[in-house]
Amino acid sequence: AALIPALEPGRAFASVVAAAALAGFLSWPAASQLRFRFDERDESASIGRMAATFEYVRMHSRPQDELLSLNVRPIAYLAARRHPAHAAVFYLPWQAAWERAHPERPDSCEQVRADPPRFVYLRPVVVERHPWLDYGACLDEFVRRHYRRVEASGVKDLWALHPGA
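These remarks concern the structure in this document.

What counts and how
- Residues numbered from 1 in each chain as written.
- Predicted model: local features only at pLDDT ≥ 70, side-chain atom pairs only at ≥ 80, totals over all residues.
- Heavy atoms only, no water.
- Helix = DSSP H or I, 4+ residues; strand = E, 2+ residues; numbered from the N terminus.
- Buried < 20%, exposed > 50% of the residue type's maximum accessible area, 1.4 Å probe, protein only.
- Contact = heavy atoms within 4.5 Å.
- Areas by Shrake-Rupley, 256 points an atom, 1.4 Å probe, with all protein chains shown as cover.
- Pairing = 2+ DSSP bridges.
- Axes fitted to C-alpha atoms, helices over the stretch in contact; angles between N-to-C directions.
- Disulfide = S-S within 2.5 Å.
- Arc of directions from axis to C-beta.

Scanning the chain from terminus to terminus reveals 8 helices and 5 strands. Along the chain direction, N to C, the helices and strands of the chain fall in the order α-α-α-β-α-β-α-α-β-α-α-β-β. Of all 165 residues assigned to the chain, the portion counted as buried reaches 33%. Long-range pairs, those at least 24 residues apart, make up 60% of the contacts in the chain between residues at least 6 apart in sequence. For the chain, the exposed surface amounts to about 10,500 Å²; the carbon and sulfur share of it is 59%.

In structure tokens form, the structure reads like this:
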């Protein structure tokens, strides 16, 4: 509120959040070209029930291979130490609505079909009363048609691209 004294505290916070989001959105084309390095000392990938899944991704892909995490698990990229295969990092109902409103831009499904990643971590959840298949049906259908579920000890919700796909 001190940064924007003319606004009430709640509105000031909302304004700052909106400005930060807008600035991030406007700078996305440049930022999307940046690559980050994973710190080899990071042990978060070895913790929790997803550890075997992301260890499998690391063991069966190259560091330059990308991963797609659907719909709301951005930790997958850090745990697997793989870059996102999709510009949006995750996929939410309002992104699908935005894509429908802007048909002149390639939608998420088109982007993934054009350059399918080697692995997809697919663990759809309901987001704000929006079931996954209400907005992610195209991505879900693409994964189930062109990928096979990885059946390995401790591996959950992981799909691998069919050979030759």
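In this chain, Leu70 is followed by Asn71 through a cis amide linkage whose omega measures 0°. Assignment of secondary structure puts Asn71 in the loop between β1 (66-70) and α4 (75-80).

Attention now moves to the sheet that holds strand β3 (residues 119-122). A sheet is described by the order of its strands in space; here 5 strands give the open sequence β2-β1-β3-β5-β4, paired in mixed fashion. Strand pairing shows two members of the sheet lacking a second neighbour, β2 (83-84) and β4 (147-149), which therefore form its edges. Direction of pairing for β3 relative to strand β5 (residues 158-161): antiparallel, over a ladder of 3 bridges. Within the sheet, the bridge partner assigned to Phe119 lies in β5 and is Ala160. Across the sheet, helix α3 (residues 51-59) is in contact with β1, β3 and β5; its angle to β3 comes to roughly 170°.

Looking now at the state of the cysteines. Tallying each qualifying case throughout the model produces 1 disulfide. Paired through a disulfide, Cys109 and Cys138 show a sulfur-sulfur distance of 2.0 Å. A torsion of -80° about the S-S bond marks the disulfide between Cys109 and Cys138 as left-handed. Of this pair, Cys109 sits in helix α6 (residues 108-114) while Cys138 sits in helix α8 (residues 137-146), and the two are 29 residues apart along the sequence. Cys109 gets classed as buried once you look at its relative accessible area, which sits at 4%. A relative accessible area of 35% means that Cys138 is categorised as partly exposed.

What follows concerns helix α5 (residues 93-101). Of all the positions in α5, only Pro93, Gln95, Ala96 and Glu99 are classed as buried. End-on view of α5: buried residues confined to an arc of 160°, all on one side of the axis. Of the surrounding elements, those touching the buried residues of α5 are α6 and α7 (132-135).

Each full turn of the α-helix corresponds to 3.6 residues, which orients residues three or four apart in the same direction. Of all the residues in α8, the buried ones are Leu139, Asp140, Phe142 and Val143. Down the axis of α8, the buried set is contained in an arc of 165°. They therefore lie on one face. Elements that come into contact with the buried residues of α8 comprise β1, α6, β3, α7, β4 and β5.

Function-wise, these values are silent; they only describe arrangement.
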